[in-house]
Structures are given as structure tokens and as C-alpha cells.
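Report on the structure
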Amino acid sequence: MDSEKQNETDKICIPGMRLSVSNKEHVSGPGTYELKGYIYATLAGILKTEEDPRTKAKIISVESPRTPSILPKTGDVVTAKVTVVNSRVVQCIILCVGPSVLVRPYRGILKKEDIKCTDKDRIDPYKCFRPGDIILARVLPMTEIHWYHLSTAENELGVAIATGMDSPQGVSMVPISWSEMQCPKTLVKEPRKVARVIPENINQALFPVNQNSESINDNGKNKS
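Procedures and definitions
Residues numbered from 1 in each chain as written. Predicted model: local features only at pLDDT ≥ 70, side-chain atom pairs only at ≥ 80, totals over all residues. Heavy atoms only, no water. Helix = DSSP H or I, 4+ residues; strand = E, 2+ residues; numbered from the N terminus. Buried < 20%, exposed > 50% of the residue type's maximum accessible area, 1.4 Å probe, protein only. Contact = heavy atoms within 4.5 Å. Core = buried A, V, L, I, M, F, W, Y, C linked by side-chain atoms within 4.5 Å. Salt bridge = Lys/Arg side-chain N within 4 Å of Asp/Glu carboxyl O. Pairing = 2+ DSSP bridges. Axes fitted to C-alpha atoms, helices over the stretch in contact; angles between N-to-C directions. Phe/Tyr/Trp six-rings, centres within 6.5 Å; stacked < 30°, edge-to-face > 60°. Lys NZ or Arg CZ within 6 Å of the ring centre and 35° of its normal.

**Brief notes about the overall build of the protein**
For the protein, the count of helices and strands is two helices and 16 strands. Expressed as a percentage of the 224 residues in the protein, the buried residues total 40%. Summarising the internal contacts of the protein: among those between residues at least 6 apart in sequence, 54% fall at separations of at least 24.

Take a look at the structure:
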């Protein structure tokens, strides 16, 4: 019986292969996604099963020697760069998972209804994000094989670093409210869905330290 379980666990998978049902006893892990009650592989690799010590559920994952060990998973806070904004969705590339910089970027998508937790029907993505913005977002359960589904519907999530359309090169805007940022040089204001704080997990090797970051923390204290 043990040998049968071992063979089942270590079997070779290909992208799109159905691995297991998705329920309280079986949950999707790295290298997999959940769709319509089943767990599927997103990678070509080896099927692995681990028990979550907290919930006792089996975590179904796929390990591949050609992919980095760090992959975005449900619940992670990631750092991403906005690439496309339209009236329904915001597209971005995921650069960091927590404090770890990814070896390769992954594509993320932020739907209109997941930008804020209130007034979802009246949200205008153009007033929340612009291409080039660096944002903090949380990974939601995966529903598409080629995209990570993201959310900024928490106060701590949203735009962390942004440059105004008319700002001088290298000058980042600073938040003046939870819905506006301002260029310290031109004083031009632009709407954004502003993150509450800039955490340390924004990699300083990728993004230059903003000399006005203290203003962000000060604004956070004033808000509270």
C-alpha cells in the first residue's frame, strides 16, 4: 500500500493534467491551480503531496527542476509592476514574493471588482493605477493557467511607488491621501489607490530608494 502511494505521489505531470479533486482534504499548492472543483498542474514536473500541519489537508503541488523554487501562491503578498490598464482589468508582472525577488517574472491580473472592498460597481481602474506603477497585491486562488489572480482590496495594498505623467525622470510621487499622490517637484496631483505603507519587501536592488519615503509613513500616522 505504501509503495502504491509513493508511486502516485511521484508521478510525472504535464501542464493542464488533472491531479485531484479540490476540497477541504485536498488543496492547491505551488505549481498547480484550482478550477471547477479540481486541481490541475501548471508545470511539467513531479507530483508532490504534503500535509498542512495546521489544517491536516493534503497540499497538492508540482515540482520542476526548470522552475524557481519560489512561486506565488494563494495568500502571498507580491510586488508587481503595472503594464496595462483598461476599464475592466489591470495587467501586471509579478517581480517579488514577499522579500524574495523572482528569477523570472509572472503575469498577474487584477479585476475591477478586486481593486477595492467598497463601491465595487463605481470603481474606475484608470483612477487607481497607471502603467509603470509598483503595487502591492495579494494572490487569490488561481482560476486561469497563464495568469495569477490578484487583489488590492485591503488598506495596506495598492500603489507603493509611482511616477507622475509630467514628473521629472527619477522623481517619485508621494501620497497626500488614500486616493491621491503628488509630484514633489511639479506639485501635480494624480489619482491612485494608495497602499497604507511601503514595506521592506520592495527590493531596493530593483527600485531606487525614494527619498520621500518618510513622508509616506508620516501620512500614515496622520491618517490614523
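**Quick notes on the nonpolar core**
Ranked by internal contacts, the top residues of the largest apolar core, which has 39 residues, are I94, F129, Y148 and L150. For this core, the secondary-structure elements that each account for two or more residues are β5 (38–41), β7 (58–63), β8 (77–85), β9 (89–97), β10 (100–111), β11 (134–139) and β12 (148–151). Apart from residues no more than four positions distant in its own chain, F129 is found in contact with V82, V85, V90, L110, I115, I135, T152, G158, V159, R192 and K193. Formed by five residues, the second largest nonpolar core is a distinct cluster that contains I134, L136, L157 and I161.

**Observations regarding the pattern of salt bridges**
Tallying each qualifying case throughout the model produces seven salt bridges. Salt-bridge contacts for E190 lead to R192; the nearest nitrogen and oxygen are separated by 3.1 Å. On the basis of relative accessible area, R192 is assigned to the buried category, the value being 1%. One network of salt bridges, with partners in common, ties together R130, D133, E190 and R192.

**Quick word on the sheet that holds strand β6 (residues 45–51)**
What links the strands of a sheet is backbone hydrogen bonding, and the strands pair in either a parallel or an antiparallel sense. A sheet is described by the order of its strands in space; here four strands give the open sequence β1-β6-β7-β3, paired in mixed fashion. Looking at which strands have only one partner, the edges of the open sheet turn out to be β1 (12–13) and β3 (26–28). As judged from the three bridges shared by β3 and β7, these two strands associate in the parallel manner. Its bridge partner being in β7, V27 is matched across the sheet by I59.

**So, the sheet that holds strand β4 (residues 32–35)**
With antiparallel pairing, three strands are arranged side by side in an open sheet as β2-β5-β4. The open sheet terminates on both sides in strands that have one partner only, identified here as β2 (18–21) and β4. Across the sheet, the mean angle separating the axes of adjacent strands is 30 degrees when strand polarity is ignored. Examined bridge by bridge, β2 and β5 share three bridges and lie antiparallel to one another. Paired with R18 across the two strands is Y40, which belongs to β5.

**Let's talk about the packing of aromatic side chains**
All chains considered together, the criterion is met by two aromatic pairs. Ring plane angle 25 degrees and centroid distance 5.5 Å describe the contact between Y33 and Y40, whose orientation is recorded as stacked. Taking relative accessible area as the criterion, Y33 reaches 8% and is therefore assigned buried. Y40 sits in the buried class, given a relative accessible area of 16%. Each ring, one from Y106 and one from Y148, has its centre 5.8 Å from the other, and the planes form 85 degrees; the classification is edge-to-face. Placement of Y106 in strand β10 and of Y148 in strand β12 is noted, with a sequence separation of 42 residues between them. This pair shows no difference in class: Y106 is buried, exactly as Y148 is. Positioned over the ring face of Y38 is R18, at 4.1 Å from the centre of the ring.

**Points about unusual backbone geometry**
Positive phi outside glycine occurs at D119, with the angle close to 50 degrees. Tracing the chain through its elements places D119 in the loop between β10 and β11. Using a relative accessible area of 47% as the deciding quantity, one classes D119 as partly exposed. One non-glycine residue, L187, lies in positive phi territory at about 65 degrees. Note on placement: L187 falls in the loop between β15 (180–182) and β16 (189–191).

**Observations regarding the environment of A195**
Looking at where A195 falls in the secondary structure, it is placed in the loop between β16 and α2 (213–223). As a C-alpha pair, A195 and I135 span 60 residues in sequence and 7.8 Å in three-dimensional space. Those residues in contact with A195 that sit more than four places away from it in its chain are N155, E156, L157, G158, V159 and W178.

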